[in-house]
Amino acid sequence: GRMELYTTTSRTEARGNSVLDLDTWYHLGVSVKDGVATFYKNGMEDGKGPTGTSIPSSPDAVKSIGAKGKGSYSFDGILDEVAMYGCALSTDEVKQLYDTSAAGHSYPTN
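Draft legend 1. Quick look at the overall build of the protein. Check the secondary structure of the protein and you find one helix and five strands. Looking at the protein as a whole, 24% of its 110 residues are labelled buried. Across the protein, the fraction of contacts at a sequence separation of at least 24, relative to all contacts at a separation of at least 6, is 38%. Per element, the accessible surface of the protein, about 7700 Å² overall, is 50% carbon and sulfur.

Draft legend 2. Highlighting the pairing of strand E4 (residues 36-41). One ladder, built from six bridges, connects strand E3 (residues 28-33) with E4; its direction is antiparallel. When the bridges of E4 are listed, Leu28 appears paired with Lys41. Linkage of E3 to E4, two consecutive antiparallel strands, is achieved through a turn of two residues, within which Asp34 is found at a positive phi near 55°. Relative to strand E5 (residues 44-50), E4 is paired through five bridges, and the arrangement is antiparallel. Paired with Tyr40 across the two strands is Glu45, which belongs to E5. Here E4 folds back onto E5, and the loop between the two strands holds two residues, one of which, Asn42, carries a positive phi near 50°.

Draft legend 3. Examining the environment of Glu45 more closely. For Glu45, the location among the structural elements is in strand E5. Glu45 has contacts with Thr38, Phe39, Tyr40 and Thr91, leaving out every residue within four places of it along the chain.

Draft legend 4. Inspection of the side chain of Ser31 at higher detail. In this fold, Ser31 is placed in strand E3. Take Ser31: its relative accessible area is 8%, and that puts it in the buried class. A distance of 2.9 Å separates a polar side-chain atom of Ser31 from the backbone oxygen of Leu89. Contacts of Ser31, omitting those with residues within four sequence positions, involve Val36, Ala37, Thr38, Tyr40, Ala88 and Leu89.

Draft legend 5. Representation of a nonpolar patch on the surface in the model. Taken together, the side chains of Ile65, Phe75, Leu79, Val82 and Met84 define a hydrophobic patch exposed on the protein surface, amounting to about 490 Å² of accessible area. The residue Ile65 is located in the loop between E5 and helix H1 (91-99) in this model.

Draft legend 6. Main features of the sheet that holds E4. The strand order E3-E4-E5 describes an open sheet built from three strands, whose pairing is antiparallel. Of all strands in the sheet, those bounded by a partner on one side alone are E3 and E5. Each strand axis lies, on average, 20° off the axis of its neighbour in the sheet, ignoring direction.

Draft legend 7. Structural context of the nonpolar core. Core analysis: the largest hydrophobic core is formed by seven residues, namely Met3, Leu5, Ala14, Leu20, Tyr26, Ala37 and Phe39. With near-sequence residues (within four places) excluded, Ala37 lies in contact with Leu5, Ala14, Val30, Ser31, Val32, Gly47, Lys48, Gly49 and Thr51.

Draft legend 8. Quick look at H1. By the burial criterion, the buried members of H1 are Glu93, Val94 and Leu97. Buried positions in H1, seen along its axis, are confined to an arc of 100° and lie on one side of it.

Procedures and definitions
Residues numbered from 1 in each chain as written. Predicted model: local features only at pLDDT ≥ 70, side-chain atom pairs only at ≥ 80, totals over all residues. Heavy atoms only, no water. Helix = DSSP H or I, 4+ residues; strand = E, 2+ residues; numbered from the N terminus. Buried < 20%, exposed > 50% of the residue type's maximum accessible area, 1.4 Å probe, protein only. Contact = heavy atoms within 4.5 Å. Areas by Shrake-Rupley, 256 points an atom, 1.4 Å probe, with all protein chains shown as cover. Pairing = 2+ DSSP bridges. Polar contact = N/O pair within 3.5 Å; in protein donor to acceptor, adjacent residues only side chain to side chain. Patch = residues over 30% accessible without salt bridge, like charges linked within 9 Å, V, L, I, M, F, W, Y side chains within 5 Å. Salt bridge = Lys/Arg side-chain N within 4 Å of Asp/Glu carboxyl O. Axes fitted to C-alpha atoms, helices over the stretch in contact; angles between N-to-C directions. Core = buried A, V, L, I, M, F, W, Y, C linked by side-chain atoms within 4.5 Å. Arc of directions from axis to C-beta.

Scope: geometric values only; no functional claims are made or implied.
Given below as structure tokens:
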């Protein structure tokens with residue numbers, strides 16, 4: 001499969017470029033700014049796509065992570081250290097998160 005961002009308000013899907021291998025650990029991320037989703041795999045940009053709408057900035061607005069819609073197309077794996085920010089992270093910030101060890105995370109706060 002691929003990373004995918006699906007917005008229910010516009011029924012729009014944006015996808016990363018890479019097909020992800022089974023049984024492989026990845027650091028994955030997506031940052032949305034001005035209606036464009038930028039996907040990241042292991043700290044490197046992995047594609048862009050229009051979201052068709054702005055993404056809600058409140059974690060309460062998120063309906064699912066790892067599934068589409070009401071639980072269809074569920075992710076069959078483990079999600080660890082899931083984080084949401086109130087701003088779009090830059091490419092450098094995503095790379096910093098990837099490069100930083102689990103013991104010394106330095107998450108952006110702005």
